[in-house]
Amino acid sequence: MILDCAGKQLDLSRPKVMGILNVTPDSFSDGGDFISPVIAISHAEQMLLDGADIIDVGGESTRPGADAVSEQEELDRVIPVVEAITSRLSTIVSIDTSKPVVMREAAAAGAGLINDVLALQAPGAVMAAQELEVPICLMHMQGWPRTMQKDPVYGDVVSDISEFFEQRVANCLSAGILRERLILDPGFGFGKTLEHNLTLLAGLDGFRELGLPLLVGISRKSMIGTILNDAPADERLYGSVAAAVLALERGASILRVHDVKPTVDALKIVNAVRFGVNG
Ligand code: 7PJ
């Protein structure tokens, strides 16, 4: 399956790696290191050298308990960075946002993929995505970032999320968005207990029957830290890579990660086993 990301091809016949470029001052795992476009570019460049296929630019922190960011503030953070990357580097830029205005301006600046943790549920978001004609990642979240970790409840976590996906996909299709443009993400850590997250990862192949590519973001998340005796974010690398491999084995097509080189190495091993060393 090949997705057209604003003129750049994303071939998902082999899994791809999406490198995270946070331009938030309060992001828990990189402490706001990447605010200025100059620093952002050099980080993006390094991730591409390390083998990333997509750079995911995000200016709205969605970590548990985070405050909302104003439209203008988010635009000010991300648009110069998207512009700087798309004008200098030949890569697919994805925009991690839920705001229609940010989707539009980022696409105008060259972004080729929308990554929305609200799965286009914000007012006007479906219409913006429909107009922009780029692929869209629909992520599942239970509740809202401020309170989502309070007391998340599911019947069966995989089937509840599948049902959510079916509704969101139907909504997109009825707005004229092509099915071929959709990517699904169960949203690890977004309104899920550790047990929910583990059940989700174990049962990730249950989403394959929806027939759409799966994006998975587990990198450095608290589910890794908790299992590793409350390891801080900068000590979650090996756990994150293990989780990425488990996700690949269960059919993930895109891995959203902070640590690109180690993940790309792990992916090379998986591909060699699947397709042979020369495959
Ligand atoms: C995700 C995301 C994720 C997608 C964040 C963090 C929190 N987008 N944005 N999936 N997580 N699609 O990176 O820890 O899991 S922000």
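Residues numbered from 1 in each chain as written. Predicted model: local features only at pLDDT ≥ 70, side-chain atom pairs only at ≥ 80, totals over all residues. Heavy atoms only, no water.

## Some thoughts on the site of the ligand
Our working definition: Whether a residue is near a molecule or strand depends on its heavy atoms: if one lies within 4 Å, it is near. Any pair of N or O atoms that falls within 3.5 Å is considered a polar contact. Within protein, one atom must be able to donate a hydrogen and the other to accept it, and sequence-neighbouring residues count only if both atoms are side-chain atoms. Calculation of accessible area relied on Shrake-Rupley with a 1.4 Å probe; when residues are assessed, cover is drawn exclusively from the protein chains displayed. Gly is put with the polar residues, along with every residue not named as nonpolar or charged; the nonpolar set is Ala, Val, Leu, Ile, Met, Phe, Trp, Tyr, Cys and Pro, and the charged set is Asp, Glu, Lys and Arg.
Not every one of the 13 residues close to the ligand is listed here, only the nearest: Asp-96, Asn-115, Asp-185, Lys-221 and Arg-256. One of the side-chain N or O atoms of Asp-185 is found 2.5 Å from a nitrogen atom in the ligand. Burial of the ligand by the protein chains amounts to 94% of its free accessible area of 390 Å². A breakdown of the residues in the shell around the ligand according to their chemical character gives six nonpolar, three polar and four charged.

## Observations concerning empty space enclosed by the protein
Empty pockets left among the atoms are what a rolling probe the size of a water molecule brings to light. Short version of the rule: Only protein atoms enter the 1 Å grid used here. Points where a 1.4 Å probe fits but cannot escape make up a cavity, open sets with protein on both sides within 12 Å along at least five of seven lines make up a pocket, and a residue lines them when an atom lies within 4 Å of a point. Grid points are joined across faces, edges and corners, and a volume is the space filled by probe spheres set on the points. Strands are runs of DSSP state E lasting at least two residues, helices are runs of H or I lasting at least four, and both sets are numbered from the N terminus onward.
Overall, the coordinates contain two cavities of 30 Å³ or more when judged by the stated rule. The calculated volume of the largest cavity comes to roughly 50 Å³. Around the largest cavity, the lining residues are Val-216, Ile-218, Ser-219, Ser-240, Ala-244, Leu-255, Arg-256 and Val-257. Of all the secondary-structure elements, those providing two or more residues to the lining of the largest cavity are helix H8 (237-249) and strand S10 (254-257). Ranked by residues supplied to the lining of the largest cavity, first place goes to S10 with three residues. Across the lining of the largest cavity, the residue classes break down as five nonpolar, two polar and one charged. Taken as a whole, the second largest cavity encloses approximately 30 Å³ of empty space.

## Some words on a nonpolar patch on the surface
Selection criterion: Patch construction takes residues with relative accessible area above 30% that form no salt bridge. Like charges are linked within 9 Å, and nonpolar side chains (Val, Leu, Ile, Met, Phe, Trp, Tyr) are linked within 5 Å. Counted as salt bridges are all cases of a side-chain nitrogen of Lys or Arg within 4 Å of a carboxyl oxygen of Asp or Glu. The classification of residues rests on relative accessible area computed with a 1.4 Å probe and restricted to protein chains. Under 20% of the type maximum is buried, over 50% is exposed, and intermediate values are partly exposed.
There is a patch of nonpolar side chains on the surface, built from Leu-194, Leu-198, Ile-227 and Leu-228 and spanning about 300 Å² of accessible area. Overall, the relative accessible area of 35% leaves Leu-228 in the partly exposed class.

## Description of H8
Which entries qualify depends on this criterion: To estimate the expected span of a helix, count its residues, drop one, and scale the result by 1.5 Å. By definition in these notes, contact holds between two residues if any of their heavy atoms fall within 4.5 Å.
Along its 13 residues, H8 runs 19 Å from first to last C-alpha, staying within 8% of the 18 Å computed at 1.5 Å per residue. Among all positions of H8, only Gly-239, Ser-240, Val-241, Ala-243, Ala-244, Ala-247 and Leu-248 are buried. Where the residues of H8 are buried, they touch helix H6 (194-202), strand S9 (215-216), helix H7 (222-227), S10 and helix H9 (260-275). One or two residues past the end of H8 sits Gly-251, with phi positive at roughly 105 degrees.

## Let's talk about the packing of helix H2 (residues 71-88) against helix H3 (residues 100-108)
The line we're drawing: Think of each axis as a best-fit line through the C-alpha atoms, taken over the contacting stretch in the case of a helix, with angles from 0 to 180 degrees between the N-to-C directions. When an angle is under 35 degrees it counts as roughly parallel; over 145 it counts as roughly antiparallel; between 65 and 115 it counts as roughly perpendicular; any other value is oblique. Crossing handedness is read from the near helix: turned anticlockwise from the far helix by less than a right angle, it gives a left-handed crossing, and turned clockwise, a right-handed one.
At their nearest, the axes of H2 and H3 sit 10 Å apart, and the two run at 20 degrees to each other. With respect to each other, H2 and H3 are oriented roughly parallel. With respect to the hand of their crossing, H2 and H3 are arranged in right-handed fashion. Within the contact between the two elements, H2 uses Glu-71, Glu-74, Leu-75, Val-78, Ile-79 and Val-82 and H3 uses Val-101, Val-102, Glu-105 and Ala-106. A breakdown of the residues in the contact of H2 with H3 according to their chemical character gives seven nonpolar, no polar and three charged.

## Side note on the packing of aromatic side chains
What describes a pair of aromatic rings is the distance from one ring centre to the other and the angle between the planes of the rings. In plain terms, the rule: What counts as a ring pair is set by centres within 6.5 Å for rings of Phe, Tyr and Trp (its six-membered ring), and what kind of pair is set by the plane angle: stacked under 30 degrees, edge-to-face over 60, tilted for all other angles.
If you walk through the whole model with that rule in mind, you get two aromatic pairs. Ring geometry for Phe-164 versus Phe-165: centroids 6.2 Å apart, planes at 55 degrees, classification tilted. Side by side, Phe-164 and Phe-165 carry an identical accessibility label, which is buried. Arranged with centres 5.5 Å apart and planes meeting at 70 degrees, the rings of Phe-165 and Phe-207 form a pair that is edge-to-face. Of this pair, Phe-165 sits in helix H5 (residues 157-174) while Phe-207 sits in the loop between H6 and S9; the two residues are 42 residues apart in sequence, bridging distant segments of the chain. Accessibility assignment for this pair places Phe-165 and Phe-207 in one class, buried.

## Re unusual backbone geometry
The residue Ala-6 is not glycine, and still its phi comes out positive at about 50 degrees. The backbone of Glu-133 shows a phi angle near 60 degrees, a positive value even though the residue is not glycine. Among the secondary structure elements, Glu-133 is positioned in the loop between helix H4 (125-132) and strand S7 (136-139).

## Brief notes about H2
For H2, with 18 residues, the first-to-last C-alpha span of 26 Å sits near the 26 Å given by 1.5 Å per residue. By the burial criterion, the buried members of H2 are Glu-74, Leu-75, Arg-77, Val-78, Ile-79, Val-81, Val-82, Ala-84, Ile-85 and Thr-86. For H2, the secondary structure elements touched by its buried residues are strand S3 (16-22), helix H1 (37-49), strand S4 (54-58), strand S5 (92-96) and H3.

## Observations concerning the pattern of salt bridges
Across all of its chains, the model carries nine salt bridges by this definition. For Lys-99, the salt bridge is made with Glu-74, and the minimal N-O distance between the two is 2.6 Å. Residue Lys-99 is found in the loop between S5 and H3, and its partner Glu-74 is found in helix H2; the two are separated by 25 residues along the sequence. One salt bridge connects Arg-256 with Asp-96, and the closest N-O pair in it is separated by 3.3 Å. Of this pair, Arg-256 sits in strand S10 while Asp-96 sits in strand S5, placing them 160 residues apart in sequence. Overall, the relative accessible area of 15% leaves Arg-256 in the buried class. Taken together, the shared-partner salt bridges connect Asp-56, Asp-96 and Arg-256 into one network.

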